[in-house]
Amino acid sequence: MVVKRALDRRGVVLLANRGNGVVHPTAAANIAALIETAADKPGARILNCADPDAPSALEIFRTIARHLKHTWEEVLLDDTAPDTLGRTPWDSPHPVVLDTSAAEALGYRPAGDYATTVAAEIDWLLDAARAGDRAGILPKTEDPYFSRFFEYAAEDAFLAGRTH
């Protein structure tokens, strides 16, 4: 959703909860690294897998914008703003951060942090968008999960009514 906003050339990004939401990401490369570690040491256990860092929504937006060389004004909304504005997939009333200590004790070493591993994903999404998404990998505009993150008319109305 962040890549689409950049491709749509949005000059302002609204972030609910001041962009503080955290839902721990896990890159495919890090999942693969844990699978390799667990396969080398078979056994019955439950392991959490996550990136070594748990960036906030604000940090995620900044990381992706930096990779895309896109700039926007960040409007960090508090609880007085309409609750339909500034929503992200990382919104959570409490941080969701996984404990990976059992995996690390087993020998798991992440392939990279969020900024490092997300770069390939961003490039993959850009390639799909530039090619016209022939493979059908991008969410559709009407997708109920993603459409709620693109309330551009409501955002524009809110921005038009604010005082700087």
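Residues numbered from 1 in each chain as written. Predicted model: local features only at pLDDT ≥ 70, side-chain atom pairs only at ≥ 80, totals over all residues. Heavy atoms only, no water.

Colleague: Sorry, what's going on with the overall build of the chain here?
Modeller: A tally of helices and strands in the chain yields seven helices and two strands. When the helices and strands of the chain are placed in sequence order, the string is α-β-α-α-β-α-α-α-α. Projected onto its principal axes, the C-alpha coordinates of the chain cover approximately 60 × 40 × 30 Å. Here the chain, with 164 residues, has 37% of them falling under the buried criterion. Within the chain, residue pairs in contact and separated by at least 24 positions form 87% of the contacts whose partners lie at least 6 positions apart. About 9600 Å² of surface is accessible on the chain, with carbon and sulfur atoms providing 55% of the total. Where the 17 positive side-chain charges of the chain centre and where its 24 negative ones centre are 4 Å apart. (Helix = DSSP H or I, 4+ residues; strand = E, 2+ residues; numbered from the N terminus. Buried < 20%, exposed > 50% of the residue type's maximum accessible area, 1.4 Å probe, protein only. Contact = heavy atoms within 4.5 Å. Areas by Shrake-Rupley, 256 points an atom, 1.4 Å probe, with all protein chains shown as cover. Lys, Arg positive; Asp, Glu negative; His and termini not counted. Charge placed at Lys NZ, Arg CZ, Asp CG, Glu CD.)

Colleague: Looking at this structure, how should I read helix α2 (residues 28–40)?
Modeller: Along an α-helix, a turn takes 3.6 residues, which lines up residues three or four apart on a common side. Spanning 13 residues, α2 covers 18 Å between terminal C-alpha atoms, matching the ideal 18 Å at 1.5 Å per step. Every buried residue of α2 is accounted for by N30, A33, L34 and T37. Relative to the axis of α2, the buried residues are bounded by an arc of 95 degrees and lie together on one face. For α2, the exposed residues lying more than 90 degrees away from the buried face are A28, I35, E36 and A39. In this fold, the buried residues of α2 make contact with α4 (101–106) and α5 (114–130). (Expected span 1.5 Å × (residues − 1). Arc of directions from axis to C-beta.)

Colleague: Quick question: what am I supposed to make of empty space enclosed by the protein here?
Modeller: The rolling of a water-molecule-sized probe over the atoms marks out the regions of remaining empty space. Tallying each qualifying case throughout the model produces one cavity of 30 Å³ or more. With three residues, the top contributor of residues to the lining of the largest cavity is strand β1 (residues 12–15). For the lining of the largest cavity, the per-class residue count stands at eight nonpolar, two polar and five charged. (1 Å grid on protein atoms, 1.4 Å probe; cavity = no way out; pocket = protein on both sides within 12 Å on 5 of 7 lines; lining within 4 Å. Points joined across faces, edges and corners; volume = space filled by probe spheres on them. Nonpolar A, V, L, I, M, F, W, Y, C, P; charged D, E, K, R; others polar.)

Colleague: Any chance you could explain the packing of helix α3 (residues 57–68) against α5 here in plain terms?
Modeller: When two helices pack together, you describe them by how their axes are tilted relative to each other and by the distance separating the axes. Where α3 meets α5, the closest approach of the two axes is 10 Å, and the angle between their N-to-C directions is 55 degrees. Between α3 and α5, the angle is such that the two are oblique. Seen along the crossing, α3 lies across α5 with a hand that is right-handed. Across the interface between the two elements, I60, T63, I64, H67 and L68 from α3 touch Y114, A115, V118, A119, I122, D123 and L126 from α5. (Axes fitted to C-alpha atoms, helices over the stretch in contact; angles between N-to-C directions. Parallel < 35°, antiparallel > 145°, perpendicular 65-115°, else oblique. Left-handed = near helix turned anticlockwise from the far one by under 90°.)

Colleague: I tried to follow the pattern of salt bridges on my own but got confused; where do I start?
Modeller: Two side chains carrying opposite charge are able to pair once their charged atoms lie near each other. All chains considered together, the criterion is met by eight salt bridges. Of the charged contacts in the structure, one is a salt bridge between R62 and E74, with a shortest N-O distance of 2.7 Å. With R62 in helix α3 and E74 in strand β2 (residues 73–76), this residue pair connects regions lying 12 residues apart in the sequence. By relative accessible area, R62 is classed as partly exposed at 38%. In this structure, D127 and R130 form a salt bridge, with 4.0 Å as the shortest nitrogen-oxygen distance. Here D127 and its partner R130 are both found in helix α5, three residues apart, which amounts to about one turn of the helix. We classify R130 as exposed; its relative accessible area is 66%. Bridged by salt links that share partners, the residues R5, R10, E155 and D156 form one connected network. (Salt bridge = Lys/Arg side-chain N within 4 Å of Asp/Glu carboxyl O.)

Purely geometric stuff here, so don't read any function into it on its own.
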